[in-house]
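# Structural description and commentary
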Amino acid sequence: MYRCYWLLVLIITGNLLPKTGAAQTFSTAFKPFTGTPRSYVCKRTFDSIRIDGHLDEDSWKAATWSSDFTDIEGSRMPAPNYRTRIKLLWDEKYLYIAAWLQEPHVWATLKDHDAIIFHDNDFEVFIDPDGDSHQYFELEINALNTVMDLFMNKPYRNGGQAMLNWDTKGLLTAVSVNGTLNNPNDIDSSWTVEMAIPFSALRYFGEKERPADGNTWRINFSRVEWDTDIRDGKYVKRGNPEHNWVWSAQDIINMHAPERWGYLQFSEQKANAGTVAFKMPAEEEIKQQLWLAYYAQQEYRFKNGRYASAAAQLKLAAGKYPLQIEGISGQFTATIKVPSLQKSISINQEGKIWSDKL
């Protein structure tokens, strides 16, 4: 179960820096990603959005639903039992998220803010505004409209810790149930989540407060669904693990691999003004090549007890631009210089991505 935060720190990251004579714990979080992330173009609102769980504003009606969620491991696993879809909008102040979750039995138990919400059926949002795989945000919500939100300085696999004392200042949420909550005696239809996330809550010192036209974030959405039985008029979880259904497949049972998330691209076009095609940012092709180097370095260290100090040692296929490696036993930097973008883009042993001007 990828959800258990504190256990995950021990199991997934393991001995991130190996003891003398031992290689690091190698897990699926370090294996190459071969999938294709989904994309969504987020258009502007053209009327006022009221966060009440009812998507009856004209802007919501005009916004495009996403493709249905899939299993977290992708198409090689059975399709989810119930449909889940999302749609998004934005304005000067907020990123708006709506989710529709088909569900014949809507239930929830947790009422305290920052409770571990995935112990109930829930809906989750993961946001990395600058796409560097570090400093990202997670929000979880159940059918009682109880929220857990946290900040990650880096993924668990790289030694990151969940900062539960971080709160999404100014967050607005609402849930509507198409049925009756916590009533096993009838059949429900679905539940709907509506969120308004202030851009100001997702910014760092000195950064601009809101996106601009064409800006692209990394984002993903997850739904946790538990199998239950009805006993003595109550929902009782079975002993099997939870289902993890997501918008953009991770290929592994771990949401905390941000390089696998989908793309959210902002458009200044109004939601009712026609189709806007997603345009992949030019640097993403370079980042994908760097991620192959990152995965290869983790495998190299697993086998050899240290990182490679030259690109040739990784035996990677040639990319569009030459790959430069600087590495010592416990650290490395992989860099690609891109003259057409007038920048170099780099990744290190923690999966941190950054760029410098040439």
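Refer to the preceding data block for the structure.
Keep in mind it's a predicted model, so treat the numbers as computed, not measured.

## Some points on the side chain of R260
- Note that R260 resides in the loop between β14 (243-246) and β15 (262-270).
- On the basis of relative accessibility, which here comes to 1%, the residue R260 falls in the buried class.
- Beyond its immediate chain neighbours, meaning those up to four positions away, R260 contacts T28, K31, P32, F33, P37, R218, S248, A249, Q250, D251, I252 and Y295.

## Details of the environment of P211
- For P211, the location among the structural elements is in the loop between β10 (190-198) and β11 (216-225).
- In the structure, P211 is positioned 54 residues away from Q265 in sequence and 9.4 Å away in space, judged by C-alpha atoms.
- Once residues within four sequence positions are removed from consideration, P211 is found in contact with W90, F199, W217 and F266.

## Remarks on the environment of Q269
- Tracing the backbone shows Q269 in strand β15.
- The exposure class of Q269 is partly exposed, given its relative accessible area of 27%.
- Every residue in contact with Q269, bar those within four places of it in the chain, is listed here: K43, R44, G274, T275 and V276.
- At a separation of 2.9 Å, a polar atom in the side chain of Q269 contacts the main-chain carbonyl oxygen of A273.

## What about the pairing of strand β5 (residues 122-128)?
- Across the seven residues that make up β5, a large majority, seven, are buried.
- Here β5 shows a buried face lined by D122, E124, F126 and D128 and a second buried face lined by F123, V125 and I127.
- The pairing of β5 with β11 spans seven bridges and is classified as antiparallel. Paired with F123 across the bridge in β11 is R223.
- The sheet contact formed by β5 and strand β6 (residues 136-141) spans five bridges and is antiparallel. By the bridge assignment, I127 is partnered in β6 with F137.

## Here's the deal with the pattern of salt bridges
- A complete count under the given rule lists 17 salt bridges for this structure.
- With its nearest N and O atoms 2.7 Å apart, the salt bridge here joins E350 to K154. Taken together, the positions of E350 in the loop between β18 (343-348) and β19 (353-357) and K154 in the loop between β7 (147-152) and β8 (162-163) put the pair 196 residues apart, joining distant regions of the chain.
- Look at K154 and you get buried, because its relative accessible area is 16%.

## Regarding the nonpolar core
- Membership of the largest hydrophobic core comes to 48 residues, with the highest contact counts inside it found for L88, L95, I97, F123, V193, F221 and L264.
- In terms of residue count, strand β4 (residues 94-102) provides more of this core than any other element does, seven residues in total.
- Apart from residues no more than four positions distant in its own chain, F123 is found in contact with F69, I86, I97, A99, L101, L139, E140, I141, W191, V193, F221 and S222.
- With 23 residues, the next largest nonpolar core counts Y295, A308, V338 and I345 among its residues.

## Let's talk about unusual backbone geometry
- One non-glycine residue, D232, lies in the positive phi region at around 55 degrees.
- Mapping D232 onto the fold places it in the loop between β12 (228-231) and β13 (234-237).

Definitions and cut-offs
- Residues numbered from 1 in each chain as written.
- Predicted model: local features only at pLDDT ≥ 70, side-chain atom pairs only at ≥ 80, totals over all residues.
- Heavy atoms only, no water.
- Helix = DSSP H or I, 4+ residues; strand = E, 2+ residues; numbered from the N terminus.
- Buried < 20%, exposed > 50% of the residue type's maximum accessible area, 1.4 Å probe, protein only.
- Contact = heavy atoms within 4.5 Å.
- Polar contact = N/O pair within 3.5 Å; in protein donor to acceptor, adjacent residues only side chain to side chain.
- Pairing = 2+ DSSP bridges.
- Salt bridge = Lys/Arg side-chain N within 4 Å of Asp/Glu carboxyl O.
- Core = buried A, V, L, I, M, F, W, Y, C linked by side-chain atoms within 4.5 Å.

Note that every value here comes from positions in space, so none of it alone points to a role or purpose.
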